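# Per-entry structural report
Here's the letter readout for the chains.
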Amino acid sequence: MIAGPKILGNATSVLVSGLAATAAGTGTVDFGRISAILMFVLALYVISTLFSYIQGFIMANISMKITYDFRQRISRKINTLPFNYYDQTTHGDILSRITNDVDTVSQTLSQGLTQIITSFTSIVGVLIMMLTISWQLTLIALLMVPFSMGLMVFIIKSSQKYFKQQQEYLGDMGGHVEEMYGGHTVMKAFNGENDSIAKFDLHNKKLYGSAWKSQFLTSIIFPLMNIIGNLGYVGICVAGGYMASSGSILIGDIQAFIQYVRSFNQPITQIANASNVIQQTAAAAERVFEFLDCPDEIPDGDDAAPVSPDQFTGMIEFKNVKFGYNPDTVVINNFSAVIAPGQKVAIVGPTGAGKTTIVKLLMRFYEIDGGQILIDGRDIKSMSRKDLRSLFGMVLQDTWLYNDTIMENIRYGKRKAADVDVVQAAKAARAHHFIMTMPDGYRIVMNEESDNISQGQKQLLTIARAILTDPKMLILDEATSSVDTKTEIDIQKAMDSLMKGRTSFVIAHRLSTIRNADLILVMNGGDIVEQGRHDDLLKSGGFYAELYNSQFDLSA
């Protein structure tokens with residue numbers, strides 16, 4: 001494409017020379033040579049088209065590979081980030097980085113980058129061709145470049161901050177939409193529509209403000225660059241006309257040079273015009289790399305030898321454990337306790353006492369700030385997180401089911417379990433009956449929100465999932481909080497059977513569910529204030545007795 005105008009200029013020069021010779025009677029137009037030149041140019045353009053196709057194929061392949069690699073790295077990063085990152089970052093912002101920001105980078109790589117590379121190549125190639133024709137005319141053309149580049153740099157610097165804001169506000173708006181959609185029922189129940197709309201409008205106005213400023217600033221680059229380019233074009237036409245009339249340059253070369261000036265200004269204008277895409281991509285890429293550069297959770301030690309559940313009896317010891325979700329707020333002050341193998345341990349206390357935090361530390365969802373947690377005398381930090389968590393079965397107050405069949409949701413706890421084992425676990429969790437009353441039984445597919453079954457039924461499925469894993473130790477965090485009294489009694493019987501011979505931690509607000517616990521740890525303010533069996537703690541008339549009596553009016 002760069003060579004074409006120069007060669008066509010030769011054809012024009014041959015034609016002009018032939019016409020002059022014809023007029024003087026000294027010769028004729030050499031149409032054979034002109035035809036050969038035109039066929040050669042045609043061949044060049046055909047080859048150019050072929051290479052454009054190859055270029056498009058290569059760039060599409062490269063951009064998709066980079067996008068694929070981005071998403072792979074983000075997926076791995078999600079699983080290596082510490083839990084406190086998710087405590088401080090909205091889900092919508094994370095989703096925006098994974099979807100919107102990666103898509104922005106992908107589109108630029110597949111489309112804009114090709115144009116930018118081609119434009120830079122054209123600038124260099126055309127500059128060389130212009131110098132071969134006339135250095136004087138090339139100098140006139142280059143006089144306009146500093147003005148163009150200076151203007152472009154100034155506008156880019158002014159608009160860059162707005163592009164970054166645009167990506168951030170897009171994440172904020174996505175986060176709000178995700179929160180409102182996830183809690184749609186609660187929002188409607190408390191008549192929160194107006195507040196939700198007002199908050200959305202605020203996010204939308206911020207996004208609008210940054211978006212129009214960034215787009216406006218970059219949109220004025222093209223007309224301004226065009227004006228500067230036209231000034232140079234006029235200067236070249238005047239100077240070229242003078243040089244041709246004096247015979248210092250051929251008419252064909254003037255024709256080629258004018259084409260090259262257009263070819264020289266056009267890629268500069270294209271680069272300037274693409275600056276908004278580049279800036280938006282830079283802002284998006286910055287957010288993706290910012291996510292990828294976040295500190296990972298503390299890696300497993302090199303000495304973390306593989307462990308098997310059969311190696312453990314289930315004895316757990318907490319030694320002077322200290323922990324805070326942030327350095328300024330201590331949640332667990334000085335927690336110490338010894339749990340014998342097979343004991344059923346209940347952890348009770350008021351809201352904010354640190355009950356759930358203890359089991360999160362036991363599972364190494366968070367790293368302790370001081371002290372030790374030992375399982376059969378082995379520090380949990382000396383085990384890999386994967387091996388440690390394989391020792392536990394866990395049922396949380398917040399149920400989690402994903403978009404698949406009930407069979408696969410239960411099997412999530414043990415991926416290679418046979419169907420008959422899944423059914424057996426469902427029966428043990430008292431879930432089999434309600435599953436069989438559904439149209440497709442175990443093959444019914446949970447929708448994205450799992451709202452085609454009740455909250456209590458979801459809880460039964462998560463309990464069946466824990467039963468299927470047949471764990472060495474159990475953690476039950478308000479596992480029966482979402483079921484009715486009759487179902488709670490059935491689950492309690494299943495749990496009592498399941499917990500035999502297993503070290504179990506039960507976190508409960510309803511103290512009636514933990515009367516038969518082997519050990520009750522009473523927490524308040526991040527410390528154990530009492531411990532013992534139910535009857536003994538009631539007789540002592542301490543903090544546990546106050547909690548229990550507040551739920552049951554014994555005087556009545």
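Just above, that's the structure.
Residues numbered from 1 in each chain as written. Predicted model: local features only at pLDDT ≥ 70, side-chain atom pairs only at ≥ 80, totals over all residues. Heavy atoms only, no water.

## As for the overall build of the protein
Each helix and strand counted, the protein has 20 helices and 10 strands in total. Over its C-alpha trace the protein gives a radius of gyration of 37 Å, far above what one expects of a compact globule, namely 24 Å for 556 residues. Taking the principal axes of its C-alpha atoms as reference, the protein extends roughly 130 × 50 × 50 Å. Residues counted as buried form 44% of the 556 residues belonging to the protein. Here the analysis covers contacts within the protein between residues at least 6 apart in sequence; of these, 76% occur between residues at least 24 apart. Total accessible area on the protein is roughly 28900 Å²; 60% of this is exposed by carbon and sulfur atoms. (Helix = DSSP H or I, 4+ residues; strand = E, 2+ residues; numbered from the N terminus. Rg over C-alpha atoms; globule rule 2.2 N^0.38 Å. Buried < 20%, exposed > 50% of the residue type's maximum accessible area, 1.4 Å probe, protein only. Contact = heavy atoms within 4.5 Å. Areas by Shrake-Rupley, 256 points an atom, 1.4 Å probe, with all protein chains shown as cover.)

## Details of the side chain of Asp101
Assignment of secondary structure puts Asp101 in helix α4 (residues 91–133). Ignoring any residue separated from it by four or fewer positions in sequence, one finds Asp101 in contact with Ser96, Gln167, Ala284, Arg287 and Val288.

## Remarks on the sheet that holds strand β2 (residues 332–339)
Strands belonging to one sheet form pairs held by backbone hydrogen bonds; the direction of such a pair is parallel or antiparallel. Spatially, the four strands line up as an open sheet ordered β2-β1-β4-β5, and their pairing is antiparallel. Unpaired on one side and paired on the other, β2 and β5 (378–379) mark the two borders of the sheet. The strands touched by helix α12 (residues 355–362) within the sheet are β1 (316–323), β2 and β4 (370–375), with β1 carrying the most contacts at an inclination of about 110 degrees. (Pairing = 2+ DSSP bridges. Axes fitted to C-alpha atoms, helices over the stretch in contact; angles between N-to-C directions.)

## Notes on helix α9 (residues 221–245)
A rise of 1.5 Å per residue sets the reference length of α9, with its 25 residues, at 36 Å; its end C-alpha atoms lie 36 Å apart and thus fit the reference within 8%. Taken as a whole, α9 has its buried residues at Ile221, Met225, Ile228, Gly229, Gly232, Ile236, Gly240 and Met243. After α9 finishes, the residue Gly247 shows a positive phi value of roughly 80 degrees. (Expected span 1.5 Å × (residues − 1).)

## With respect to unusual backbone geometry
The phi dihedral of Arg364 falls on the positive side, at around 60 degrees, and the residue is not glycine. With respect to the helices and strands, Arg364 occurs in the loop between α12 and β4. Accessibility expressed as a relative area gives 3% for Arg364, which makes it buried. Phi is positive for Arg430, close to 60 degrees, though the residue is something other than glycine. Here Arg430 shows up in the loop between α15 (419–428) and α16 (432–436). You can call Arg430 partly exposed: its relative accessible area is 37%.

## Focus: the sheet that holds strand β7 (residues 473–477)
Sheet architecture is open: six strands sit in the order β6-β7-β8-β3-β9-β10, paired in mixed fashion. Of all the strands in the sheet, the pair left with one neighbour each is β6 (392–395) and β10 (527–532). The mean inter-strand angle of the sheet, taken between neighbouring strand axes irrespective of direction, is 15 degrees. Pairing between β7 and strand β8 (residues 503–507): five bridges, direction parallel. Each residue of the ladder has a partner; that of Asp477, found in β8, is Ile507. Against the sheet, α12 contacts β3 (344–348), β6, β7, β8 and β9 (519–524), and its axis sits at roughly 145 degrees relative to β8.

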